Amino acid sequence: MCNLVKNHSFEVGTSEWVVQNVTAADITSFIGTQTARMGSGIASIYQDVSLKGVNSRIFFLSYEKIVPESSPSGMGNLIVEVIWLDAEGRPIGQGLNNYMQSSLLISSGRRLTYFNITDPAPSEAEGARIQFSKNSFPNAQRDQIEIDQVVFGPVASLN
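Residues numbered from 1 in each chain as written. Predicted model: local features only at pLDDT ≥ 70, side-chain atom pairs only at ≥ 80, totals over all residues. Heavy atoms only, no water.

1. What to know about the packing of aromatic side chains
So, point 1. In total, this model carries six aromatic pairs according to the counting rule given.
So, point 2. Each ring, one from F59 and one from W84, has its centre 5.7 Å from the other, and the planes form 50°; the classification is tilted. Of this pair, F59 sits in strand β5 (residues 58–66) while W84 sits in strand β6 (residues 78–85), and the two are 25 residues apart along the sequence. Accessibility classification places F59 together with W84 in one group, the buried group.
So, point 3. Connected via pairs of aromatic rings, a cluster forms that spans F59, W84 and F152. (Phe/Tyr/Trp six-rings, centres within 6.5 Å; stacked < 30°, edge-to-face > 60°. Helix = DSSP H or I, 4+ residues; strand = E, 2+ residues; numbered from the N terminus. Buried < 20%, exposed > 50% of the residue type's maximum accessible area, 1.4 Å probe, protein only.)

Right under this line is the structure:
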């Protein structure tokens, strides 16, 4: 499978990604030497990828999530989305929306890999936005989440 995400393992920092309160980190990487660390408080990171030349309308999304041992419990929620984009880059639909409550984001230092299949992209979709967003509870400190090894590519069918 081809991966449509550029700089998928953050080896060149956060280049190719649009970030808010996200930095490259080099302590707990899954692959290579870097991760994208979503800082304390509200944070988001996304990348728009082109679907031109892709025959499939169903896509596979995988990513590695790490909650550093130094992060407290009750750290906020993580939302992972795939948003379909038209030729001008405007949102035209949603292909995936995963919501993870803070209670599921256990502060253990363990790496968890998530695998997802999107809903079929509309025929007019020419791009997709892969987006990770984190909110925060009031007065939370050190509520960090790290993302690594983001894979997004076409699949032949839902099976």
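2. Focus on the pattern of salt bridges
So, point 1. Taken as a whole and assessed by the stated rule, the structure comprises five salt bridges.
So, point 2. For R37, the salt bridge is made with E146, and the minimal N-O distance between the two is 2.6 Å. Residue R37 is located in strand β3 (residues 35–38), and its partner E146 is located in strand β10 (residues 145–155); the two are separated by 109 residues in the primary sequence. This pair shows no difference in class: R37 is buried, exactly as E146 is.
So, point 3. Close ionic contact of D48 with R129 constitutes a salt bridge, the shortest N to O distance being 2.6 Å. Of this pair, D48 sits in strand β4 (residues 43–50) while R129 sits in strand β9 (residues 127–134), placing them 81 residues apart in sequence.
So, point 4. By relative accessible area, which is 17% here, R129 ends up buried.
So, point 5. Linked through salt bridges whose partners overlap, the residues forming this network are D86, E88 and R90. (Salt bridge = Lys/Arg side-chain N within 4 Å of Asp/Glu carboxyl O.)

3. Describing the sheet that holds β4
So, point 1. In space, the five strands of this open sheet follow the order β1-β4-β9-β6-β7, with antiparallel pairing throughout. Only two strands of the sheet have a single partner each, and these edge strands are β1 (18–20) and β7 (91–100). Across this sheet, the average inter-strand angle for adjacent strands is 15°, counted without regard to direction.
So, point 2. Relative to β9, β6 is paired through eight bridges, and the arrangement is antiparallel. Bridge pairing in β9 links W84 to A128. (Pairing = 2+ DSSP bridges. Axes fitted to C-alpha atoms, helices over the stretch in contact; angles between N-to-C directions.)

4. Side note on the sheet that holds β5
So, point 1. Strand order in this open sheet of five strands is β2-β3-β10-β5-β8, and the pairing throughout is antiparallel. The two strands at the open ends of the sheet, each matched to only one other strand, are β2 (22–25) and β8 (111–117). Averaged over all pairs of adjacent strands, the angle between strand axes in this sheet comes to 30°, irrespective of strand direction.
So, point 2. Of the pairings in the sheet, the one linking β2 to β3 comprises four bridges and is antiparallel in character. The partner of V22 across the bridge, within β3, is M38.

5. Observations regarding the nonpolar core
So, point 1. If you look at the biggest cluster of nonpolar residues, it comprises 31 residues, and the most contacted ones within it are L61, W84, F132, V150 and F152.
So, point 2. Those elements that place two or more of their residues in this core are β3, β4, β5, β6, β7, β9 and β10. (Core = buried A, V, L, I, M, F, W, Y, C linked by side-chain atoms within 4.5 Å.)

6. Quick look at unusual backbone geometry
So, point 1. Not every positive phi belongs to a glycine, and E16 is a case in point at roughly 80°.
So, point 2. The residue E16 is located in the segment before β1 in this model.
So, point 3. Its identity as a non-glycine residue notwithstanding, Q149 has a phi of 50°, on the positive side.
So, point 4. Given the relative accessible area of 16%, Q149 is considered buried.

Any functional reading would require information that these geometric values do not contain.
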